[in-house]
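Residues per chain, in single letters:
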Amino acid sequence: TAIPTTVKKSFFTSRDEQENVAIKVYQGERPVAKENRLLAEFTMSLPPKTKQGMEIEISFNIDANGELTVGAKNVATGLEQKKTVKANGGLTEADIQRMLKDAEQNAEADRLFRERQTASITADEKLKQAAEDEKEEWFEQAPADLQAAFRATVQELTEAVAKKDPSVMLEKMARLKETRDAMG
């Protein structure tokens with residue numbers, strides 16, 4: 001990557017009336033944040049009555065001197081906060097090699113963590129959709145046996161999420177989709 005450079009990525013609030021967003025910046029090779037080195041953190045306040053899905057644009061800017069500035073911008077209001085990470089000597093070559101070795105040694109555990117997280121997030125979305133589906137007219141008009149199968153699968157998926165078992169979550173999500181499709 002050429003320096004200076006800026007990278008931006010959008011994130012979205014996760015619930016209605018969320019009061020703030022915590023921004024934490026880590027350095028490292030591990031997908032689990034706590035396994036890396038915390039460089040900076042700050043909190044961005046959100047306006048009252050914030051709705052789920054408000055876009056927050058995070059920018060990472062490295063200037064010609066290698067100084068990192070992290071910005072958080074509320075796209076709807078234009079309000080922005082920034083934090084500059086002061087260089088404190090950075091990582092030594094030994095630190096870098098240790099972090100890379102650690103990432104390599106934990107690659108399988110990290111892969112399983114990502115798999116569980118992805119399945120859990122997707123399952124939560126499917127469960128929310130299923131709750132909405134049960135309120136729909138087409139659901140009430142579906143045969144009773146399909147409604148019962150749908151509700152049983154929702155319960156099984158809820159249990160799989162609690163057990164954090166990605167393979168069972170994927171199986172139950174597929175069954176939920178099949179049952180929903182059969183309902184019309």
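Residues numbered from 1 in each chain as written. Predicted model: local features only at pLDDT ≥ 70, side-chain atom pairs only at ≥ 80, totals over all residues. Heavy atoms only, no water.

Details of the confidence of the model for the protein
Reasoning step 1: Counting all residues, the mean pLDDT for the protein is 89, and 97% of those residues have values of 70 or more.
Reasoning step 2: Of all helices and strands in the protein, the one with the weakest mean pLDDT is helix α1 (residues 93–105) (85), whereas helix α4 (residues 144–163) scores best (95). (pLDDT = per-residue confidence, 0-100. Helix = DSSP H or I, 4+ residues; strand = E, 2+ residues; numbered from the N terminus.)

Considerations on the packing of aromatic side chains
Reasoning step 1: For the structure on display, the rule yields two aromatic pairs.
Reasoning step 2: On the numbers, 6.1 Å between centres and 70° between planes, the contact of W138 with F139 is edge-to-face.
Reasoning step 3: Take F139: its relative accessible area is 0%, and that puts it in the buried class.
Reasoning step 4: With 5.2 Å between their ring centres and 70° between their planes, F139 and F150 make a pair best called edge-to-face. Of this pair, F139 sits in helix α3 (residues 137–141) while F150 is found in helix α4, placing the two residues eleven residues apart along the sequence. Each member of the pair, F139 as well as F150, is classed as buried. (Phe/Tyr/Trp six-rings, centres within 6.5 Å; stacked < 30°, edge-to-face > 60°. Buried < 20%, exposed > 50% of the residue type's maximum accessible area, 1.4 Å probe, protein only.)

Here's the deal with the nonpolar core
Reasoning step 1: Counting 15 residues, the largest nonpolar core has A123, F150, V154, L157, V161, M169 and L176 as its most contacted members.
Reasoning step 2: Every element with two or more residues in this core is listed here: α2 (107–133), α4 and α5 (166–183).
Reasoning step 3: Ranked by the residues each element gives to this core, the list is headed by α4, at five residues.
Reasoning step 4: Of all hydrophobic cores here, the second largest spans 14 residues; its members include M44, M54, I58 and V85. (Core = buried A, V, L, I, M, F, W, Y, C linked by side-chain atoms within 4.5 Å.)

Some words on the sheet that holds strand β4 (residues 55–62)
Reasoning step 1: Pairing within the open sheet is antiparallel, and its four strands lie in the order β1-β4-β5-β6. Bordering the open sheet on either side are β1 (5–12) and β6 (80–85), each of which pairs with just one other strand. Direction aside, neighbouring strands of the sheet carry axes that sit 15° apart on average.
Reasoning step 2: Looking at chain direction, strand β5 (residues 68–74) and β6 are connected through six bridges and run antiparallel. Opposite T69, over in β6, you have T84 as the bridge partner. (Pairing = 2+ DSSP bridges. Axes fitted to C-alpha atoms, helices over the stretch in contact; angles between N-to-C directions.)

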